[in-house]
Amino acid sequence: MKKSSDDNLRKEIIGLGKNSIRKNYYRSLQEKQKDLEEKNKELEAEITHRKEIENKLKELNEVLESRIKERTSDLDESNKKLQHTIDNLEKSYEYLIEAEKLASLNHLVKGISHEINTPLGASLTTTTYVSSQLNTLIRQLKKSDSNPVLIQRLKKINLSIDLILEGIESSAALTNSLKQLSSMHNNHERQLFSIEEYTDTIIKSMQSKVNHFDSLAIDVKCKENLIVDGYPGIFTQIFTILLANSLTHAFDEKGGHIFISFEEDEHYIYSVFKDDGKGLDESLIQYVFDPFFTTSMSGTTPGLGLFTAYNLVKSMSGDIKCYNDNGFRVDITIPKTLKRFIPYIE
């Protein structure tokens, strides 16, 4: 009996019995392994599920980012258009203010010119008559061998009258320049015109002044049939001013050379007006387009020419600059097609 009990115990120890320790241990391990495998499967399923969610979130984020970029781009474009509209409105507002200023100036200048021209005309006529009569009297006194002291005094009086005449003529020139400036916004006749033809006409109109010099050449470089849709009257006024300015200030009696060129691209005309004359002191360049600026010491020029040219170019949405370049040079840029003339004055 004891031997049988010992055998059963031995079998349980070495794993041969039904309820042996080894079999129980392995069974427990198998159950735990199965639990682990099931949990691993659950974890893998959870990981797969989370990855799917992450991928969906990533796709959603990409879609959102794309939409945000599109919306941002659309917003930027809208902002640019809005800013462009605001800029145009501000410019239009400024143009309207400048136009109103110019209209007021025009009205004022017309009134002043009318009031000044009447007494100036009377003064000029009367002074001219007095000077003529005085000259006749001096000639008659000389023939009759009259008192030389009296004749000398009369000559001094005549000289004084000549100075008065010069002052009246300078005042008349100033008044005419102001009238010209005030009338520039009325020059609104738009049409197609040839740059070359109008430039030739301007030069021919100034030929009498050109003939005062010993030798003065005017060269024009312009593409044939260069046509502008704009305002030929304003173009004529600008280049007449530039030419008159050079003829008045650039040269001594020997003369020199004036060069005028015109080039174009799709939208603009580029012009260079240059003389090889005296040029201008660098410290004075900044004042060239100011009203009443002149280098003439005689006071015969009112200093409104380049000021008028500047404002006319700006009125055509153009640009004008000047500097020394072995003489005096003016660069002008104007649109080939100008839809409207906006009076400008600075």
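Residues numbered from 1 in each chain as written. Predicted model: local features only at pLDDT ≥ 70, side-chain atom pairs only at ≥ 80, totals over all residues. Heavy atoms only, no water.

Peer 1: Account for the overall build of the protein, with residues named and values stated.
Peer 2: When its secondary structure is counted, the protein shows seven helices and seven strands. Overall, the protein shows an N-to-C arrangement of helices and strands of α-α-α-β-α-α-β-β-α-β-β-α-β-β. Here the protein, with 346 residues, has 29% of them falling under the buried criterion. Put simply, 72% of the contacts in the protein that link residues at least 6 apart link residues at least 24 apart. Summed over its atoms, the accessible surface of the protein is roughly 23400 Å², and 53% of this surface lies on carbon and sulfur atoms. (Helix = DSSP H or I, 4+ residues; strand = E, 2+ residues; numbered from the N terminus. Buried < 20%, exposed > 50% of the residue type's maximum accessible area, 1.4 Å probe, protein only. Contact = heavy atoms within 4.5 Å. Areas by Shrake-Rupley, 256 points an atom, 1.4 Å probe, with all protein chains shown as cover.)

Peer 1: Could you give me a rundown of helix H4 (residues 195–205), with the residues and numbers involved?
Peer 2: Among the residues making up H4, those that are buried are Ile195, Thr199, Ile202 and Ile203. The arc that holds the buried residues of H4, viewed along the axis, is 95°, so those residues lie on one side. In H4, the exposed residues that point more than 90 degrees away from the buried face are Glu197 and Lys204. Here the buried face of H4 lies against strand S1 (191–194), helix H5 (207–210), strand S2 (215–222), strand S3 (227–230), helix H6 (232–249) and strand S4 (255–264). (Arc of directions from axis to C-beta.)

Peer 1: I'd love a proper account of the pattern of salt bridges, names of residues and values included.
Peer 2: Using the criterion set out here, one finds six salt bridges in the structure. Among the ionic pairs, Arg50 bridges to Glu46, the shortest N-O distance being 3.1 Å. One end of the pair, Arg50, and the other, Glu46, are both in helix H2 (residues 21–143), four residues apart, so they sit about a helical turn from each other. Salt-bridge contacts for Lys336 lead to Glu264; the nearest nitrogen and oxygen are separated by 2.5 Å. Of this pair, Lys336 sits in the segment after strand S7 (328–335) while Glu264 sits in strand S4; the two residues are 72 residues apart in sequence, bridging distant segments of the chain. Residue class for Lys336 comes out buried when judged on its relative accessible area of 19%. In this structure Glu264 comes out as partly exposed when scored by relative accessible area, which is 27%. Connected through salt bridges with shared partners, the residues Lys223, Glu264 and Lys336 form a single ionic network. (Salt bridge = Lys/Arg side-chain N within 4 Å of Asp/Glu carboxyl O.)

Peer 1: If you had to explain the side chain of Ser246 to someone new, which residues and values would you point to?
Peer 2: By the secondary structure assignment, Ser246 is in helix H6. Here Asp275 takes part through its side chain, which lies 2.8 Å from a polar atom of the side chain of Ser246. Ignoring any residue separated from it by four or fewer positions in sequence, one finds Ser246 in contact with Phe251, Ile258, Phe273 and Asp275. (Polar contact = N/O pair within 3.5 Å; in protein donor to acceptor, adjacent residues only side chain to side chain.)

Peer 1: Tell me what's going on with the pairing of S7, and back it up with residues and numbers.
Peer 2: In terms of burial, S7 is largely enclosed, as six of its eight residues are buried. By the bridge criterion, seven bridges tie strand S5 (residues 268–275) to S7 in an arrangement that is antiparallel. Of the residues in S7, the one forming a bridge with Val272 is Asp331. Here six bridges tie strand S6 (residues 319–324) to S7, and the two strands are oriented antiparallel to one another. Within the sheet, the bridge partner assigned to Asn324 lies in S7 and is Phe328. (Pairing = 2+ DSSP bridges.)

Peer 1: Lay out a nonpolar patch on the surface in plain terms, naming residues and giving numbers.
Peer 2: A surface patch of nonpolar side chains, amounting to about 280 Å² of accessible area, comprises Ile53, Leu57 and Leu60. You can see Leu57 is positioned in helix H2. Of the residues examined, Leu57 reaches a relative accessible area of 48% and is grouped as partly exposed. (Patch = residues over 30% accessible without salt bridge, like charges linked within 9 Å, V, L, I, M, F, W, Y side chains within 5 Å.)

Peer 1: Break down a negative patch on the surface for me, with residues and values.
Peer 2: On the surface, Glu31, Asp35, Glu37, Glu38 and Glu42 cluster together into a patch of negative charge. By the secondary structure assignment, Asp35 is in helix H2. (Lys, Arg positive; Asp, Glu negative; His and termini not counted. Charge placed at Lys NZ, Arg CZ, Asp CG, Glu CD.)

Peer 1: Before we move on, could you go through the packing of H4 against H6 and cite the residues and values that matter?
Peer 2: For the pair H4 and H6, interaxial distance at closest approach is 10 Å and the crossing angle is 45°. The orientation of H4 with respect to H6, classified from their angle, is oblique. Note that H4 runs across H6; the crossing there is right-handed. Where H4 approaches H6, its residues Ile195, Tyr198, Thr199, Ile202 and Ile203 are matched on the opposing element by Pro232, Phe235, Thr236, Phe239, Thr240 and Leu243. (Axes fitted to C-alpha atoms, helices over the stretch in contact; angles between N-to-C directions. Parallel < 35°, antiparallel > 145°, perpendicular 65-115°, else oblique. Left-handed = near helix turned anticlockwise from the far one by under 90°.)

Peer 1: Describe the sheet that holds S7, naming the residues involved and giving the relevant values.
Peer 2: Strands in a sheet are paired, the pairing made by backbone hydrogen bonds, and the direction either parallel or antiparallel. On the basis of which strands lie adjacent, the open sheet formed by five strands has the order S2-S4-S5-S7-S6 and mixed pairing. Edge strands, defined here as strands with exactly one partner in the open sheet, are S2 and S6. Put simply, the sheet's adjacent strands are angled 10° from each other on average, direction ignored.

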